[in-house]
Amino acid sequence: MIQIKNLSVFYRSKRENIKALNKINLNVHNSDICAIIGPSGCGKSTLLNVLSGIITEYEGEVLLDSKSLSPHIHKIGLIPQNFGLLPWKTVEENCLLSFKIKKEKINSDILRKMDILMEKLNIYHLKKRYPSELSGGQKQRVAIVRSFLMKPDILLLDEAFSALDAIIKEEAQELFLNIWSENKINTFFVTHSIDEAIYMGKKIIIMSNTPGEIIEVIDNPMFNNKKYREEKKYLELYLHIKNLIKKGWDN
Ligand code: ADP
Ligand code: MG
């Protein structure tokens, strides 16, 4: 279980002190997939950066199974908006990067799992290519293989689908959910798309404007339902989320 207790984050500089998150509280069960949505500047990336261990100075507590969340004890997978691939490494080398960094042995099981994931995501034939030779959608799939291969305790995506164009995005969302369903890794993804939150978020976490607060957490009945747009409840939920986000904008 992930527990966030009274989390506040400040960005301090000589000129000013910016409060980015204000006393966030959240409990999420293991093997949940949570969408984080809210107006621009409300602290979504800040929250993700705390969960990833990039931001270490904060008030409050962030616990994973009752232990303080930390990259030193937990495996944390992060897919940033630009997918975070190293340009001088091939697709295969990028997928195996976290093992190399941790100096862990790469055995035949890992290689086999990598090949299976690559085949599922249709990038097996791109193994020897470099990131500059891939499309955005292909780069994203490499980042997904890399993340699931390392079996993280927690997986974080910061608007990782937003750079993709519409048709590829829908396919990528579906593929991601397929792989997620087989692995059930604790996942948090930031999105500015209400549709993406409704399709991919088992829980939808709605944040408000600066300093960021969580204003509502929704258990989403339309999660992983390909026909969510045809559901009666869809429009109601869509407008509800939209109004909450708009309120954040108006502040
Ligand atoms: P979001 O991802 O929701 O758009 P961020 O988490 O990036 O929002 O930012 C939250 C708030 O903190 C914003 O007001 C932003 O300007 C501020 N902020 C973000 N990063 C920094 C930083 N490194 N230094 C100072 N202020 C920052
Ligand atoms: Mg952001």
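Heads up: the structure comes first, above all this text.
Everything quoted here is computed from the prediction, not taken from an experiment. (Residues numbered from 1 in each chain as written. Chains lettered and ligands numbered in written order. Predicted model: local features only at pLDDT ≥ 70, side-chain atom pairs only at ≥ 80, totals over all residues. Heavy atoms only, no water.)

Engineer: Can you lay out the overall build of the chain for me, pointing to particular residues and giving the numbers?
Structural biologist: In terms of helices and strands, the chain carries eight helices and ten strands. Compactness check: the chain gives a C-alpha radius of gyration of 18 Å against a globular reference of 18 Å for 251 residues, within 12% of the reference. With the C-alpha coordinates of the chain rotated into their principal frame, the extents come out at 50 × 45 × 35 Å. By the burial criterion, 50% of the 251 residues in the chain qualify as buried. Looking at the chain alone, contacts between residues at least 24 apart form 68% of all its contacts between residues at least 6 apart. Taken as a whole, the chain presents about 12800 Å² of accessible surface, with 49% of it coming from carbon and sulfur. The positive charge centre, built from 36 side chains, and the negative charge centre, built from 30, are 3 Å apart in the chain. (Helix = DSSP H or I, 4+ residues; strand = E, 2+ residues; numbered from the N terminus. Rg over C-alpha atoms; globule rule 2.2 N^0.38 Å. Buried < 20%, exposed > 50% of the residue type's maximum accessible area, 1.4 Å probe, protein only. Contact = heavy atoms within 4.5 Å. Areas by Shrake-Rupley, 256 points an atom, 1.4 Å probe, with all protein chains shown as cover. Lys, Arg positive; Asp, Glu negative; His and termini not counted. Charge placed at Lys NZ, Arg CZ, Asp CG, Glu CD.)

Engineer: Which residues make up the pattern of salt bridges, and what are the values?
Structural biologist: Counted under the stated rule, the structure contains eleven salt bridges. The residue Glu16 makes a salt bridge to Arg15 at a minimum N-O spacing of 3.9 Å. Given a relative accessible area of 73%, Arg15 falls into the exposed group. Note that Glu170 is salt-bridged to Arg229, the shortest N-O span being 3.6 Å. In this pair, Glu170 sits in helix 6 (residues 166-183) while Arg229 sits in the loop between strand 10 (214-219) and helix 8 (232-250), placing the two residues 59 residues apart along the sequence. (Salt bridge = Lys/Arg side-chain N within 4 Å of Asp/Glu carboxyl O.)

Engineer: So, the pairing of strand 3 (residues 33-37): which residues are in play, and what are the values?
Structural biologist: In terms of burial, strand 3 is a largely internal element, five of the five residues being buried. Neither face of strand 3 is exposed, since Ile33, Ala35 and Ile37 on one face and Cys34 and Ile36 on the opposite face are all buried. Pairing of strand 3 with strand 9 (residues 203-207) involves four bridges; the strand directions are parallel. Paired with Ala35 across the two strands is Ile204, which belongs to strand 9. (Pairing = 2+ DSSP bridges.)

Engineer: Go over the layout of surface pockets, please, and point to the residues and values.
Structural biologist: Unfilled space is identified by rolling a water-sized probe across the atoms. Approximately 430 Å³ is the volume found for the largest pocket. Surrounding the largest pocket, 19 residues form its lining, Ile76, Leu78, Ser98, Ile101 and Met150 being those nearest its centre. Mapped onto the lining of the largest pocket, the elements with two or more residues apiece are strand 6 (76-79), helix 3 (97-101) and helix 5 (136-149). For the lining of the largest pocket, the leading source of residues is strand 6, giving four residues. (1 Å grid on protein atoms, 1.4 Å probe; cavity = no way out; pocket = protein on both sides within 12 Å on 5 of 7 lines; lining within 4 Å. Points joined across faces, edges and corners; volume = space filled by probe spheres on them.)

Engineer: So what's going on with the packing of aromatic side chains? Residues and values would help.
Structural biologist: For the coordinates displayed, the defined rule picks out six aromatic pairs. Geometrically, the ring pair formed by Tyr234 and Tyr238 is tilted, given 5.8 Å between the ring centres and 55° between the ring planes. A residue pair is termed a helical-turn pair when its members lie 3 or 4 positions apart in one helix, as Tyr234 and Tyr238 do in helix 8 at four residues. Given a relative accessible area of 25%, Tyr238 falls into the partly exposed group. Ring-pair connections join several aromatic residues into one group, and the members of that group are Tyr199, Tyr228, Tyr234 and Tyr238. (Phe/Tyr/Trp six-rings, centres within 6.5 Å; stacked < 30°, edge-to-face > 60°.)

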